[in-house]
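Survey of secondary and tertiary structure
In case you want the letters, here they are:
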Amino acid sequence: MPLSIKKNLNTKSKFHYSLVLSCLGLNLIVSLASCRHYGVHGELMKTNPTQIVVPYFDSLQYEYHYTAKIRAYDKEINGILVVKKIDRLHKRVVMLSDFGNTIFNFEYKNDKARVIYVMDNLNKKIIVDRLLLYFDFLSRSCYQSSRYIVDGELKTYISRIRNKRVKILQKREKFESMSLVSRWKEKAEVRYYANTNYADSIVFQSRELPINMFFVKRDKVFTEDQ
Amino acid sequence: MWVYSIIFIVALGFTTNQETKMTTAEIASFKQLVQNQAKSISSIQTDFTQKKSMAFLENDVISKGRMLLNAEGNLKWQYTEPNKYSIIFKNDRIYINDNGNKSTPSVDQRLFNKISALISSSIKGDVFNDAEFSYEYFKKGTDILVKMSSKDKTLAKYIQKIELIFPKNEALVSQVKLIEPSGDFTIISFTNRKLNAVIDKKEFEH
């Protein structure tokens, strides 16, 4: 409340104003203490920096091809997603239209992202930043972590990607799911449906923006002689 | 002697793949052949193989399917491998059928309509008078190669060049190559063509 307004309050109102402020402050302290990590319950443990491996998109030089459907706001983009991990800290993520022309082409190297190409009508900073983050998140396979939360057989590692917090859930030491979170709420979630380390399908859901993405493994990879 | 043999083989290969510019008379004759054929075509059904090549990929991204073009100019791209999926271009709208899930995307319809119109007119060969392109005509082995360069700046951001291959004495395109400004390209090859066969209207229903 601005100072000029506060000066005009009578004594009773001043008391109510102070009470409201105290309650808000108390609420904030309680929130800070209880929401150290959004939605994670259990005992926080510290460890030496450990590498957490998400098994998908982890094979070096392998080319992963998915049929992609992206729903963003009221728009829909269909096409083909190609991900290639060139070395441990270097990968390419490309989205193609059905006719094969490039929608976007990103390179991630040593934790830095580079836009090689993005279609004109997507080439707005806010959209490109989100795409860079979301596609890095869903295709990254290595995370560093020195903190985890244990709750029975569940273990949640806390890590970071592009300065954003990531929560990696393991059950009996096996990867379960992964979320992009802030202190206060979940920003995005990715789920992999898989029998092998090449996921059959991937569902990405943003919780901060109306964006959903679905990816289905392209059944066959043709060779030149076919 | 074997040195001469190698030189001969290399020279032969070089000659067959060499592009030589067509003369004005040859171009006029070729265009006449193609345009006469285009006028007689009311519908096309063809199988296609689409290969996307990118510099960083070892394997092309390959899709296969069939394409239908009817007398009203409606176009259907029916992908059958690796996933079943179809796109219908009808009355300047795009309709998608993804394994029974039907939708009408609102993103970039103009661009995809343009690409579709280019491909369909390329297949028919009715493509040489588009003011958005400049044209060059070459003989390449026994084939004729037509190189189209985008003059329109907006289109050139997506497709810089289109190359069409017409087999010897044929007025129909057997291959379309779409080249992006980065140099990455998509090749669409057509096989098993049927001309002027009746196409069921249901093929274009959504």
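The model shown is predicted, which means the values in this text are computed figures rather than measured ones. (Residues numbered from 1 in each chain as written. Chains lettered and ligands numbered in written order. Predicted model: local features only at pLDDT ≥ 70, side-chain atom pairs only at ≥ 80, totals over all residues.)

All right, on to the overall build of chain A then. If you tally the helices and strands in chain A, you get three helices and 13 strands. Per-residue burial over chain A gives 29% buried out of 226 residues. (Helix = DSSP H or I, 4+ residues; strand = E, 2+ residues; numbered from the N terminus. Buried ≥ 20, exposed ≤ 12 C-beta atoms within 10 Å, placed from the backbone.)

Counting its secondary structure elements, chain B contains four helices and twelve strands. Counting across all 206 residues of chain B, residues that qualify as buried make up 28%. Sequence-distant contacts, at least 24 apart, represent 45% of the contacts inside chain B between residues at least 6 apart. (Contact = placed C-beta atoms within 7 Å.)

Take the environment of Tyr73 of chain A next. Structurally, the position occupied by Tyr73 of chain A is in the loop between strand 2 (63-72) and strand 3 (75-87). When the C-alpha atoms of Tyr73 of chain A and Lys46 of chain A are compared, they prove to be 40 Å apart, with 27 residues separating the residues in sequence.

This paragraph deals with unusual backbone geometry. Negative phi is the rule for most residues except glycine; trans is the rule for most peptide bonds. Note that the residue after Glu81 of chain B, namely Pro82 of chain B, is joined by a cis bond; omega there is 0 degrees. Examined against the element boundaries, Pro82 of chain B turns out to sit in the loop between strand 4 (75-81) and strand 5 (85-90). Positive phi, close to 70 degrees, is recorded for Gln61 of chain A, a residue that is not glycine. Positioned with a positive phi, Asn196 of chain B is a non-glycine residue whose angle comes to about 60 degrees. Position of Asn196 of chain B among the secondary structure elements: in the segment after strand 12 (185-195). Judged by the 12 C-beta atoms lying within 10 Å of it, Asn196 of chain B is exposed.

Listed as interface residues are 27 residues of chain A and, on the opposing side, 28 residues of chain B. Here the element with the most residues in the side of chain A that touches chain B is strand 3 of chain A; it accounts for seven residues. Along the lines of polarity and charge, the residues of the side of chain A that touches chain B split into nine nonpolar, seven polar and eleven charged. (Nonpolar A, V, L, I, M, F, W, Y, C, P; charged D, E, K, R; others polar.)

This part is about the nonpolar core. By size, the foremost hydrophobic cluster in this structure holds 43 residues, and its most contacted members are Ala68, Leu81 and Val82 of chain A. Considering each element in turn, this core owes the most residues, five residues, to helix 3 (residues 125-139) of chain A. Listed in part, the 34 residues of the second largest apolar core include Val34, Ile44, Phe48 and Ile88 of chain B. (Core = buried A, V, L, I, M, F, W, Y, C linked by C-beta atoms within 7 Å.)

A word on the confidence of the model for chain A. Residues and elements named next belong to chain A. The predicted model of chain A averages 81 in pLDDT, with 79% of residues at 70 or higher. Summarising per-element confidence for chain A, the mean pLDDT is lowest in helix 1 (residues 3-7) (42) and highest in strand 4 (residues 90-96) (96). In this model, residues 220-226 is a region of pLDDT below 50 whose contacts with residues beyond four sequence positions or in other chains number five contacts. (pLDDT = per-residue confidence, 0-100.)

Along an α-helix, residues three or four apart share an orientation, since each turn contains 3.6 residues. Taking 1.5 Å of rise per residue, 15 residues should cover 21 Å, and helix 3 of chain A covers 21 Å from first to last C-alpha, within 8% of that figure. Restricting attention to buried positions, one finds in helix 3 of chain A the residues Leu131, Tyr134, Phe135, Phe137, Leu138 and Ser139 of chain A. (Expected span 1.5 Å × (residues − 1).)

A few words now on the sheet that holds strand 8 (residues 133-140) of chain B. Residue and element names in this part refer to chain B. Strand order in the open sheet formed by twelve strands is 1-8-9-10-11-12-2-3-4-5-6-7, and the pairing between neighbours is antiparallel. At either end of the open sheet lies a strand with only one pairing partner, and these are strand 1 (19-21) and strand 7 (101-103). Each neighbouring strand pair of the sheet contributes to a mean axis angle of 20 degrees, computed without reference to strand direction. As paired elements, strand 2 (residues 44-53) and strand 3 (residues 61-69) share nine bridges and run antiparallel to each other. Paired with Ile44 across the two strands is Leu69, which belongs to strand 3. (Pairing = 2+ DSSP bridges. Axes fitted to C-alpha atoms, helices over the stretch in contact; angles between N-to-C directions.)

Residues and elements named next belong to chain A. Relative to the elements of secondary structure, Leu180 occurs in strand 10 (residues 174-181). Expressed as a C-alpha distance, the spacing of Leu180 and Val190, which sit ten residues apart in the sequence, is 8.5 Å. Excluding residues within four positions of it along the chain, Leu180 makes contact with Phe137, Lys164, Val166, Lys187 and Ala188.

In this section: the environment of Phe57 of chain A. Residue and element names in this part refer to chain A. Structurally, the position occupied by Phe57 is in the loop between strand 1 (43-53) and strand 2. The exposure class assigned to Phe57 is buried, which follows from the 22 C-beta atoms found within 10 Å. The sequence separation of Phe57 and Arg140 amounts to 83 residues, and the corresponding C-alpha distance is 6.9 Å. With residues near it in sequence (within four places) discarded, Phe57 still touches Tyr64, Val83, Lys85, Ser139 and Ser141.

Okay, the pairing of strand 3 of chain B next. Residues and elements named next belong to chain B. Of all nine residues that make up strand 3, seven are buried, and the element is covered over most of its length. Sheet topology places strand 3 next to strand 4; six bridges connect them, and they run antiparallel. Across the sheet, the residue bridging to Lys64 is Glu81, located in strand 4. Between strand 3 and strand 4, which follow one another and run antiparallel, lie five residues, and Gly73 among them has a positive phi close to 85 degrees.

Residue and element names in this part refer to chain B. Summarising the model, chain B shows a mean pLDDT of 83, and 86% of its residues fall at 70 or more. Highest mean pLDDT in chain B belongs to strand 2 (94); lowest belongs to helix 1 (residues 2-17) (54). Listed scores for the predicted complex are pTM 0.80 and ipTM 0.80.

Attention now moves to the pairing of strand 2 of chain A. All names here are of chain A. Burial of strand 2 is extensive: seven of the ten residues sit out of reach of the surface. The loop that links strand 2 with its antiparallel partner strand 3 comprises two residues; one of these, Tyr73, has a positive phi angle of about 55 degrees. Of the pairings in the sheet, the one linking strand 2 to strand 13 (residues 211-217) comprises seven bridges and is antiparallel in character. Pairing of Thr67 across the sheet is with Val216, part of strand 13.

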